[in-house]
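So you can see what is in the structure, the chains are spelled out below.
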Amino acid sequence: MPQILMPALSPTMEEGKLSKWLVKVGDSVKSGDVLAEIETDKATMEVESVDEGVVKELLVEEGTEGVKVNTPIALVLAEGETAAAAPAAKTAPEPAEAPVVTAEKAAEATPSAAAVPAAPKFEAQSDPDLPEGVEMVEMTVRQALNEAMAEELRRDKDVFVMGEEVAEYQGAYKITQNLLQEFGPERIIDTPITEHGFAGLAVGAAFAGLKPIVEFMTWNFAMQAIDQIINSAAKQLYMSGGQVKAPMVFRGPNGAAARVGAQHSQDYSAWYSHVPGLTVIAPYSAADAKGLLKAAIRSPNPVVFLENEILYGSTGLVPKVDDFLLPIGKARIARKGADVTIVSFSMGMRYATQATEKLVAAGVDVELIDLRTLRPLDSDTVIESVKKTGRLVTVEEGWPQGGIGAEISARVMEQAFDYLDAPVMRVTGKDVPMPYAANLEKLALPNVDEVIAAVNAVTYRS
Amino acid sequence: MARKAVATKAKTQSNVPQFTAEQDLEAYREMLLIRRFEEKAGQMYGMGLIGGFCHLYIGQEAVVTGITMASEKGKDAQITGYRDHGHMLVMGLDPKGVMAELTGRQGGLSGGKGGSMHMFSNEHKFYGGNGIVGAQVSLGAGLAFAAKYKGDGSVSIAYFGDGAANQGQVYETFNMAKLWKLPVVFIIENNKYAMGTSIERAAATTDFSMRGASFDIPGEQVDGMDVRMVYDAARRAIEHARSGKGPFILEMLTYRYRGHSMSDPAKYRSKDEVTKYRQERDAIEQVKARLIEGGFQTEEDLKKIENDIRAIVTEAADFATNDPEPDASELWTDITISA
């Protein structure tokens with residue numbers, strides 16, 4: 001290709017000044033030789049030759065301003081090539097044929113972003129039917145999580161657990177109790193205090209085919225690792241055109257514990273639910289904790305599994321079946337009702353459940369929905385409920401701005417606006433860092449009375 | 001540790017390991033393919049066919065070539081940062097697929113959805129192509145963790161630059177890699193500049209081979225412009241890792257001729273410095289001289305190789321120019337896998 005074109009030298013450059021020629025007609029040039037200097041809006045750059053040959057003609061004089069990208073600026077003939085092979089155009093440098101065709105093609109190809117195709121719709125699966133007369137076993141959320149991991153570790157040798165104090169200490173919150181004894185130190189691995197490093201290491205192991213369960217002692221510490229969770233794990237499948245997977249679970253307690261202050265009391269639900277590529281689960285009950293953690297470990301996708309320290313000791317009934325799996329992405333209707341819909345998840349469900357008991361006693365027929373999964377979000381269940389009740393209150397511990405309640409509110413406004421009989425109300429954590437003082441901490445968190453007040457407001461009861 | 005470093009430095013200065021004519025020829029082909037491919041990529045960037053960021057490997061060819069020659073292809077994993085085109089070419093990934101990814105076309109290695117910094121191949125055990133400086137170091141240790149967990153005898157080779165060597169997670173990773181004796185070789189490609197900041201302005205200590213000293217990870221400084229030195233050091237480091245002794249650090253003293261990315265005028269270094277490297281240290285010229293002076297190849301033979309390589313690059317460029325963009329429906333694919 002004998003023509004040297006005016007190059008684009010930055011992602012945004014459209015034209016530039018040909019400030020200086022460093023070769024003259026008759027010079028021999030080879031790959032890498034600097035031919036000219038070009039001034040862009042940002043800097044002076046050098047143009048290197050890619051081809052070998054003799055400079056036959058300089059088509060643009062040095063000092064020329066406003067030379068458009070892809071204009072031929074010189075003619076370099078390869079050994080044995082004759083000038084007749086390429087048309088020279090000293091005056092008014094029209095884009096010459098061969099290379100410009102490709103440039104035009106590129107230009108044509110670029111604005112092909114015509115209509116944005118519709119996003120595929122997520123279809124949630126229903127919970128499995130339990131066998132009739134199945135035995136229900138009472139256990140804590142802690143035991144449920146522990147059983148879920150033990151069962152999956154037994155089932156699949158590629159599953160391993162990694163984190164701070166997960167092995168010899170038996171887990172900072174005892175979620176990994178006895179796993180070391182059963183599965184040994186090759187599969188239950190104590191890490192140094194090094195969240196960024198071990199999160200990245202686990203993502204790499206997942207790329208290579210393993211199925212890591214990464215325990216963060218709390219999600220507060222995972223901010224050290226959030227780059228690896230989002231930039232490496234969540235985006236990998238997409239960036240690789242579907243080739244490289246990151247089948248893994250990041251889990252640990254999320255949200256406020258009690259009196260541990262601002263840096264140890266934060267709800268990351270909205271943060272992770274923002275990210276395409278991640279699955280985000282935040283269970284409330286023991287049964288959901290077990291069934292969803294097992295499903296998360298088997299998922300081919302990176303899963304953020306948000307537990308809650310205060311809920312670890314709460315008990316619930318878990319069906320005693322061989323392999324209790326629940327569908328990811330399906331909300332659970334905790335109570336059917338007709339007057340108002342309350343939507344919550346994780347610790348928010350505790351306030352919502354207690355408020356529901358009082359409201360039902362007061363004659364309000366509440367429909368209570370536990371989202372369980374935050375991404376993909378089961379909009380359908382919420383929308384169907386709102387179409388029935390016409391009123392919606394959301395409850396979460398996180399901050400209000402850009403929160404889960406804000407997202408649900410927006411979706412309901414978009415998809416069920418005409419069904420609403422009152423504005424959606426959000427009950428959230430207050431828009432402050434978590435205070436330490438007992439009275440202030442209580443004020444910063446949502447509470448049962450706030451949920452009741454919100455329901456009263458949307459049902460226009462005083 | 002100081003003793004080790006001195007010993008190895010001495011070793012890189014004398015007793016230069018010799019290549020057979022076959023090895024020199026192989027290195028010549030691989031390095032020339034990278035050089036010509038990258039020159040073409042630079043040209044296509046100039047024509048607007050490649051967008052965004054484009055980091056060329058020109059000048060550093062001996063590093064990835066020597067290391068890959070010393071590794072087991074298809075078995076050992078490799079991972080690097082964003083200056084990744086050369087790694088893929090030497091590992092045997094299709095130049096057409098690499099170039100088409102640069103132009104964002106459907107035949108690109110990532111279907112056009114990754115770009116210059118994000119290409120991968122499970123088959124060739126190449127794990128990118130990572131855009132966040134330093135992230136590939138812990139990811140690379142994870143590949144080594146998986147190798148050890150599965151007991152498959154493979155080694156992970158994790159490349160990063162002198163700039164990434166100042167990231168915190170690198171040291172978190174060094175600690176775990178040594179603690180758990182992971183089969184990983186850390187390659188620090190020291191090209192002297194982290195974007196526009198020279199190592200002297202960014203690093204409290206500039207002997208990066210010593211960066212593993214507090215973790216008792218052995219390290220060597222290697223002349224990264226001499227493919228024989230690279231190969232020899234890599235062979236020993238990979239053997240060390242494969243034999244269960246844990247990680248090894250190789251600092252490759254190398255140089256990039258072009259700017260950090262396409263829009264970098266490289267005003268932070270002198271023209272003389274670049275010229276000196278190109279004229280006196282160029283990795284390809286060294287091999288070429290050996291092949292000719294040793295009487296193994298004539299100028300004519302090498303011209304033929306050059307023409308073959310230019311044909312490969314032209315074919316890649318043509319494919320990358322004419323291949324269609326990904327279908328609009330691809331916007332919504334590969335986000336998650338449906339269970």
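Residues numbered from 1 in each chain as written. Chains lettered and ligands numbered in written order. Predicted model: local features only at pLDDT ≥ 70, side-chain atom pairs only at ≥ 80, totals over all residues.

A separate point is the overall build of chain B. When helices and strands are tallied, chain B shows twelve helices and seven strands. Over its C-alpha trace chain B gives a radius of gyration of 19 Å, about what one expects of a compact globule, namely 20 Å for 339 residues. Once the C-alpha set of chain B is aligned to its principal axes, its extents read approximately 60 × 55 × 40 Å. The burial tally for chain B puts 58% of its 339 residues in the buried class. (Helix = DSSP H or I, 4+ residues; strand = E, 2+ residues; numbered from the N terminus. Rg over C-alpha atoms; globule rule 2.2 N^0.38 Å. Buried ≥ 20, exposed ≤ 12 C-beta atoms within 10 Å, placed from the backbone.)

Residues of chain A with pLDDT of at least 70 account for 93%, and the chain-wide mean is 91. Low pLDDT, under 50, characterises residues 85-109 of chain A; the stretch is placed with 36 contacts to residues that sit more than four places away or in other chains. (pLDDT = per-residue confidence, 0-100. Contact = placed C-beta atoms within 7 Å.)

All right, on to the interface of chain B and chain A then. Between chain B and chain A, the residue contacts involve 51 residues of the former and 59 residues of the latter. When contributions to the side of chain B that touches chain A are tallied by element, the ones reaching two or more residues are α2 (21-46), α6 (135-150) and α7 (168-179) of chain B. Examining the composition of the side of chain B that touches chain A, we find that ten residues originate from one element, α6(B), more than from any other. For the side of chain B that touches chain A, a count of residues per class yields 23 nonpolar, 22 polar and six charged. (Nonpolar A, V, L, I, M, F, W, Y, C, P; charged D, E, K, R; others polar.)

With omega at -5°, the peptide bond leading from Arg375(A) into Pro376(A) counts as cis. Put simply, Gly128(B) and Gly129(B) share a cis peptide bond, and its omega is 25°. In this fold, Gly129(B) is placed in the loop between α5 (95-102) and α6. Unlike most non-glycine residues, Asn178(A) shows phi in positive territory, near 70°. Positionally, Asn178(A) belongs in the loop between β10 (159-163) and α3 (179-183). Not every positive phi belongs to a glycine, and Asp216(B) is a case in point at roughly 60°. Tracing the chain through its elements places Asp216(B) in the loop between α8 (199-202) and β6 (219-223).

Residues and elements named next belong to chain B. Per-chain confidence: chain B averages 94 in pLDDT, with 96% of residues scoring 70 or above. Overall, residues 1-12 carries pLDDT values under 50, and its contacts beyond four positions in sequence, including any with other chains, amount to 14 contacts. For this predicted complex, the interface score ipTM comes out at 0.92, alongside a pTM of 0.90.

This next bit is on the domain arrangement of chain A. Along its sequence, chain A is organised into domain 1 (3-105), domain 2 (136-319) and domain 3 (332-458). The centre of domain 1 of chain A, based on its C-alpha atoms, is set 56 Å off from the matching centre of domain 2 of chain A. (Domains from an automatic or database assignment.)

Residue and element names in this part refer to chain A. Strands sit in the order β5-β4-β2-β7 across an open sheet of four strands; the sheet is antiparallel. Since the sheet does not close on itself, it has two edges, and those belong to β5 (44-48) and β7 (64-68), each with one partner. Each neighbouring strand pair of the sheet contributes to a mean axis angle of 40°, computed without reference to strand direction. Alignment of strand β4 (residues 34-39) against β5, held across five bridges, turns out to be antiparallel. Counterpart to Ala36 in the pairing with β5 is Val47. (Pairing = 2+ DSSP bridges. Axes fitted to C-alpha atoms, helices over the stretch in contact; angles between N-to-C directions.)

Relative to the assigned elements, Arg83(B) resides in the loop between β1 (77-79) and α4 (85-90). A sequence separation of 34 residues divides Arg83(B) from Leu49(B), and the C-alpha atoms of the two residues are 18 Å apart.

Moving on: the packing of helix α2 (residues 141-155) of chain A against helix α7 (residues 286-298) of chain A. Residue and element names in this part refer to chain A. The contact between α2 and α7 brings their axes to 8 Å, and the two run at 25°. Accordingly, the angle class assigned to the pair α2 and α7 is roughly parallel. In this structure, α2 crosses over α7, and the sense of that crossing is right-handed. Contact residues: Val141, Ala144, Leu145, Glu147, Ala148, Met149, Glu151 and Glu152 in α2; Ala286, Ala289, Lys290, Leu293, Lys294, Ile297 and Arg298 in α7. Classifying every residue of the contact of α2 with α7 by side-chain character gives nine nonpolar, no polar and six charged. (Parallel < 35°, antiparallel > 145°, perpendicular 65-115°, else oblique. Left-handed = near helix turned anticlockwise from the far one by under 90°.)

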